[in-house]
Amino acid sequence: IETNGMWKKRLSSNKFKVFIYSAEQLNDNNATRLAQFASDLQHFLRLQTPFPDFETLPKSNSNKDIYPEYMDICDVKYDRLRITLLKNGKIASDWIRNFFIHAEDVVVSDADYFRSVLMTWKKDPCLR
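All values reported here derive from a predicted model rather than from experimental measurement.

Q: Looking at this structure, I do not really get the state of the cysteines. What am I missing?
A: By definition, a disulfide links two cysteine residues through a covalent bond between their sulfur atoms. Tallied over the full model, the rule gives one disulfide. Two residues, C74 and C126, share a disulfide whose sulfurs are 1.9 Å apart. Measuring handedness by torsion sign, the sulfur bridge of C74 and C126 sits at about -75 degrees and is left-handed. Of the two residues, C74 sits in the loop between α2 (31–44) and α3 (79–98) while C126 sits in the segment after α4 (111–119), which places them 52 residues apart along the sequence. Given a relative accessible area of 26%, C74 falls into the partly exposed group. Given a relative accessible area of 6%, C126 falls into the buried group.

The structure is reproduced here in structure tokens:
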């Protein structure tokens with residue numbers, strides 16, 4: 001992966017396992033996949049009690065209030081920032097999909113769905 005002068009990315013052995021997920025997996029509209037995700041996370045954390053339905057839990061940072069520090073990433077004035085974020089999103093998506101999730105210490109629920117979510121990191125959400 002091209003790092004553009006950034007540090008070399010590498011996988012290192014770790015005595016701890018990592019459960020990687022995307023926020024989309026917490027709000028998945030596919031009930032079967034969401035139930036499997038909750039079960040996989042429960043088992044990874046070695047919890048005896050299953051998680052409650054994620055949809056019933058209060059959400060933080062999900063209100064529609066607008067504050068002075070709010071920014072709309074699709075505003076033209078943020079084009080340069082968005083381009084930088086997209087560039088980094090593409091690099092991160094490729095590295096996670098092609099290397100990180102294949103490490104023996106990494107656990108992912110529904111790898112196909114997770115990879116499809118990572119592919120969205122390469123797409124501009126503000127295409128005009």
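Q: How should the packing of aromatic side chains be read in this particular structure?
A: Centre-to-centre distance and the angle between the planes together describe a pair of aromatic rings. Under the defined criterion, the tally for this structure stands at five aromatic pairs. Centroid distance F19 to Y21: 6.3 Å. Interplanar angle 45 degrees. Geometry classified as tilted. Seen from their ring centres, W95 and F100 are 5.4 Å apart, and the 25 degrees between their planes marks the pair as stacked. Linked through ring pairs, F19, Y21, F37 and F44 together constitute an aromatic cluster.

Conventions used here
- Residues numbered from 1 in each chain as written.
- Predicted model: local features only at pLDDT ≥ 70, side-chain atom pairs only at ≥ 80, totals over all residues.
- Heavy atoms only, no water.
- Disulfide = S-S within 2.5 Å.
- Helix = DSSP H or I, 4+ residues; strand = E, 2+ residues; numbered from the N terminus.
- Buried < 20%, exposed > 50% of the residue type's maximum accessible area, 1.4 Å probe, protein only.
- Phe/Tyr/Trp six-rings, centres within 6.5 Å; stacked < 30°, edge-to-face > 60°.

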